[in-house]
Amino acid sequence: MPELPEVETIKRQLEKNVLGKDILSVDIFDKRVVVNEKEFVKGLLNKKLKSIERVGKVLIFQINKNSFLLIHLRMTGQLVYKKDNNFIAGGHPIDNAFNVPNKFTCVVFKFSDGSCLFFNSTRKFSRTSLVSKIEKEKYVDKFGIDPTKKEFTYKKFKKELENKKVSLKSFLLNQKYISGIGNIYADEVCFFAFVLPDRKVYSLTEKEKELLFVGTKIILKKAVEKGGTTFRDYLTAEGKKGGYVKYLRVYGWAEKECLNMCGGIILKKVVAGRGTHFCKNCQK
DNA sequence: AGTATCTCCTGTATGC
DNA sequence: TGCATACAGGAGATAC
């Protein structure tokens, strides 16, 4: 599932490829992922994508002063950019991502140079919309601090944690507190800090808070450096793969031995409504 | 008001 | 083999 590092990776790739190109057509194959599809198409035709920013897990393309294209991949969304026979695919991993369009393709943007951007979504949870500046700002304001930006300081992090009755997992997943963390990185951060995901936030010690802060910062930073867990790049013969998968310590390791060699087994249970991985030996 | 649960979807895995 | 069922989860809606 695309989280901050995966979306950041897509953003960087698209920045190099789609900015400044005229949008010749917008074809919608599944209306469910597009908000207000008529206005959506009308507002994009013959326009250019001027710039891209990422807020949490959302991509925001500026069209002009008062028009912004929002794309949220949610769980199974995927963006595939095709130019001639070169492909860039980011987001949800599926085999043959370069085989587009396919039955998961919801929207296709065609550019003046013949290249295309395919917006795919297997479970159709993804959403895209065209909004005004005010709407965009209102939307962006709801998001908490981005843990990869300079503004993410320990002081601010600690302040967010104050007086929360939720579990740590629920806190980490909530985009209004910290933006960009999803199920994978939430589990990894808890493991890093030796804290069980179902611990209530108010019960955290100073030391644990510090470790959670540091873990969030370095895990997301490293995941961005590695291109996330799902990125596939078919531009080069070697292909840069989503390199963070091999650094995952708990996510996807249920019933396996803990990588800390503590002798424990990674367990999985539902916390905050999500499948949650942890080591009972290492995390308290 | 703040928190927990439900819901949207469909591919994949499992069970009988 | 085939059908039914459970499960995966981001985030807005709804319930408590």
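About the criteria used
- Residues numbered from 1 in each chain as written.
- Chains lettered and ligands numbered in written order.
- Predicted model: local features only at pLDDT ≥ 70, side-chain atom pairs only at ≥ 80, totals over all residues.
- Heavy atoms only, no water.
- UniProt positions renumbered as here; feature names shortened; annotations may be inferred.
- Domains from an automatic or database assignment.
- Contact = heavy atoms within 4.5 Å.
- Buried area = accessible area lost by both parts, 1.4 Å probe.
- Polar contact = N/O pair within 3.5 Å; in protein donor to acceptor, adjacent residues only side chain to side chain.
- Nonpolar A, V, L, I, M, F, W, Y, C, P; charged D, E, K, R; others polar.
- Axes fitted to C-alpha atoms, helices over the stretch in contact; angles between N-to-C directions.
- Helix = DSSP H or I, 4+ residues; strand = E, 2+ residues; numbered from the N terminus.
- Left-handed = near helix turned anticlockwise from the far one by under 90°.
- Near = heavy atom within 4 Å.

- Labelled according to an unreviewed UniProt entry, chain A appears under the name DNA-formamidopyrimidine glycosylase.
- The record in UniProt for chain A states the following under Subunit (unreviewed entry): "Monomer."
- One UniProt comment on chain A, placed under Cofactor (unreviewed entry), says "Zn(2+)".

**A closer look at the domain arrangement of chain A**
Next up, step 1: With domains assigned, chain A is organised as domain 1 (4-141) and domain 2 (154-229 + 244-279).
Next up, step 2: Using C-alpha coordinates to define each centre, domain 1 is positioned 29 Å away from domain 2.
Next up, step 3: Listed as interface residues are 8 residues of domain 1 and, on the opposing side, 12 residues of domain 2.
Next up, step 4: Taking both sides of the interface into account, the surface hidden between domain 1 and domain 2 amounts to around 760 Å²; carbon and sulfur atoms contribute 64%.
Next up, step 5: Here domain 1 and domain 2 share 3 residue pairs in polar contact (both at pLDDT 80 or more) between them.
Next up, step 6: Within the side of domain 1 that touches domain 2, the residues separate by chemical class into 2 nonpolar, 2 polar and 4 charged.

**Focus on the packing of helix H1 (residues 4-17) against helix H7 (residues 206-225)**
Next up, step 1: Where H1 contacts H7, the two axes come as close as 8 Å, and the packing angle between them is 35°. H1 and H7 meet at a crossing whose hand is right-handed. Mapping the contact onto sequence places Leu 4, Pro 5, Glu 8, Thr 9 and Arg 12 in H1 and Leu 220, Ala 223 and Val 224 in H7.
Next up, step 2: When the residues that make up the contact of H1 with H7 are grouped by side-chain class, the tally is 5 nonpolar, 1 polar and 2 charged.

**Some points on the protein's contact with DNA strand B**
Next up, step 1: In the vicinity of DNA strand B, the contacting residues are Arg 32, Lys 103, Phe 104, Thr 122, Arg 123, Lys 124, Phe 125, Lys 165, Val 166, Tyr 177 and Lys 200.
Next up, step 2: Of what DNA strand B places within 4 Å of the protein, 61% of the atoms are sugar or phosphate.
Next up, step 3: Take Arg 32: an N or O atom from its side chain is 3.2 Å from a phosphate oxygen of DNA strand B.
Next up, step 4: Here a phosphate oxygen of DNA strand B and a backbone polar atom of Lys 165 are 3.2 Å apart.
Next up, step 5: A per-class count over the surface near DNA strand B returns 4 nonpolar, 1 polar and 6 charged.

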